[in-house]
Amino acid sequence: MPVIAGLLLAAGAGRRYGRPKALVELDGEPLVRRAVRLLGDGGCTPVHVVLGAGADEVPDLPGAVPVRHDRWREGLGSSLRRGLASLPPDVSAAVVVLVDQPLLSPVAIRRVRAAYAGGALVAVATYAGRPGHPVLLGRGSWPLLDSYAVGDRGARDLLRERPDLVVEVPCDDVGAPLDVDTPADLLRLRALSDG
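Everything numeric in this text was worked out from a predicted model, so none of it was measured. Residue positions are given per chain, counting from 1 as you read along its sequence in written order. The predicted nature of this model means local features are confined to residues of pLDDT at least 70 and side-chain atom pairs, given and counted, to a pLDDT of 80 or more, with totals for whole chains, interfaces and linings taken over all residues. Hydrogens and water molecules were not included; the side-chain quantities draw on all heavy atoms of the structure.

## A short note on the overall build of the protein chain
Piece 1. The numbering of helices and of strands both runs from the N terminus, where a helix is a DSSP run of H or I of at least 4 residues and a strand a run of E of at least 2. Broken down by element type, the protein chain carries six helices and nine strands.
Piece 2. Throughout, radius of gyration means the C-alpha value; the globule benchmark is 2.2 Å times the number of residues raised to the power 0.38. For a compact globule of 195 residues, the expected C-alpha radius of gyration is about 16 Å, and the protein chain comes in at 15 Å, within 12% of that figure.
Piece 3. Projecting the C-alpha coordinates of the protein chain onto the three principal axes gives extents of approximately 40 × 40 × 30 Å.
Piece 4. The classification of residues rests on relative accessible area computed with a 1.4 Å probe and restricted to protein chains. Under 20% of the type maximum is buried, over 50% is exposed, and intermediate values are partly exposed. Counting only residues that meet the buried cut, the protein chain has 53% of its 195 residues in that class.
Piece 5. Considering only contacts in the protein chain between residues 6 or more positions apart, those separated by 24 or more positions represent 69%.
Piece 6. Every accessible area reported is derived by Shrake-Rupley at a probe size of 1.4 Å, with residue values counting cover from the shown protein chains alone. Accessible surface, the protein chain as shown: approximately 9,100 Å² in total, 52% of it carbon and sulfur. Two residues form a contact once any of their heavy atoms are found within 4.5 Å.

So this is what it looks like as structure tokens:
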């Protein structure tokens, strides 16, 4: 069986939110813990968490390996590359999620993993036909990210410019890729989860 890791990107400062989003709570749980559980429930092991801003304030993360990224200010791309580099050599693919999307589903994680089992090198969840997270990156695609994952860009340009490598996996029915960028976004998400 291939080893498929989970990779959680949680290093940003959350400038628009006013503090690192890894520390923001939804339903009494920090978003970083919620996302670790998402990856574990989706069948990913090991789970690595890239931390930067506020790393010293992040609570214990049972079931996850914290990965300190002191160059987090360089942007999402550097966090993605740092996270992939931290994974053990037996990992054949990584499922990547962002800490600020708490309505993603373990079912979406399992769907992109199934696409990999079916031969996909890269698999991306789509919502209303648009790519989102989770994104599965087979190890063979990682070297490409040296040129694509730059600044605040993760794998987005790779997904757009190399469609020959990408399998799209519809996930509209199992979650939503809504971001928590501001406190108002969190209030909207709380209303959705209560409704």
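## A few points about the layout of surface pockets
Piece 1. By volume, the largest pocket is sized at about 1,300 Å³.
Piece 2. In this analysis a 1.4 Å probe is tested at points of a 1 Å grid over the protein atoms alone, and where it fits but cannot get out there is a cavity; an open set with protein on both sides within 12 Å along at least five of seven lines is a pocket; lining residues have an atom within 4 Å of a point. Lining the largest pocket are 41 residues, and of these Leu76, Leu98, Asp100, Asp152 and Asp179 lie nearest its centre.
Piece 3. Elements with a minimum of two residues in the lining of the largest pocket: strand S1 (3-10), helix H2 (76-86), strand S6 (91-98), strand S8 (130-138) and helix H5 (156-161).
Piece 4. When residues in the lining of the largest pocket are grouped by element, the largest group, six residues, is from S8.
Piece 5. Under the grouping applied here, Gly and all other residues not named as nonpolar or charged are polar, the nonpolar ones being Ala, Val, Leu, Ile, Met, Phe, Trp, Tyr, Cys and Pro and the charged ones Asp, Glu, Lys and Arg. Grouping the amino acids of the lining of the largest pocket by side-chain chemistry returns 19 nonpolar, nine polar and 13 charged. Grid points are joined across faces, edges and corners, and a volume is the space filled by probe spheres set on the points.

## Things to note about the sheet that holds S6
Piece 1. At least two DSSP bridges between two strands are required for those strands to pair. Ordered in space as S5-S4-S1-S6-S8-S7-S9, the seven strands form an open sheet in which the pairing is mixed. The sheet is open, and its two edges are formed by strand S5 (65-68) and strand S9 (166-170), each paired on a single side. Taking the axes of each pair of neighbouring strands and ignoring which way they run, one obtains an average angle of 25° across the sheet.
Piece 2. Of the pairings in the sheet, the one linking strand S7 (residues 122-127) to S8 comprises five bridges and is antiparallel in character. Note that in S8 the partner of Tyr127 across the bridge is Arg130. The angle between two axes is taken between their N-to-C directions and runs from 0 to 180 degrees, where each axis is a line fitted to C-alpha atoms and a helix contributes only its stretch in contact.

## Re H2
An α-helical turn contains 3.6 residues, so a residue and the one three or four places further along point in the same direction.
Piece 1. Among the residues making up H2, those that are buried are Gly77, Ser78, Ser79, Leu80, Gly83 and Leu84.
Piece 2. Structurally, H2 contributes buried residues whose contacts are with S1, strand S4 (47-51), S6, S8 and helix H4 (145-148).

## As for the environment of Leu103
Piece 1. Structurally, Leu103 can be placed in the loop between S6 and helix H3 (106-117).
Piece 2. Along the primary structure Leu103 and Ala176 are separated by 73 residues, whereas in three dimensions their C-alpha atoms are 5.4 Å apart.
Piece 3. In contact with Leu103, other than residues within four places in its own chain, are Gly175, Ala176, Leu178, Leu189 and Leu192.

## Brief notes about unusual backbone geometry
Piece 1. Residues Thr45 and Pro46 are joined by a peptide bond in cis, for which omega reads 0°.
Piece 2. Its place among the elements puts Pro46 in the loop between helix H1 (31-41) and S4.
Piece 3. One non-glycine residue, Asp27, adopts positive backbone phi at about 55°.
Piece 4. By the element assignment, Asp27 lies in the loop between strand S2 (25-26) and strand S3 (29-30).
Piece 5. Among the residues examined, Asp27 registers a relative accessible area of 51% and is labelled exposed.
Piece 6. Here Ala128, not a glycine, exhibits a phi torsion of approximately 55°, which is positive.
Piece 7. Within the secondary structure layout, Ala128 lies in the loop between S7 and S8.
Piece 8. For Ala128, a relative accessible area of 67% translates into the label exposed.

## Some words on H3
Piece 1. With twelve residues, H3 should cover 16 Å at 1.5 Å per step; its first-to-last C-alpha distance of 17 Å lies within 8% of that length.
Piece 2. Buried positions along H3 lie against S1, H1, S6, S7, S8 and S9.
Piece 3. Residues adjacent in sequence count toward polar contacts only when both atoms are side-chain atoms; beyond that, a polar contact is any pair of N or O atoms within 3.5 Å, and within protein one must be able to donate a hydrogen and the other to accept it. Two to three positions downstream of the cap, the backbone nitrogen of Val107 sits 2.9 Å from a side-chain oxygen, assigning the N-cap of H3 to Ser105.
Piece 4. Positive backbone phi, approximately 115°, marks Gly119, located one or two places after H3. A helix is expected to reach a length of 1.5 Å times the quantity of its residues less one.

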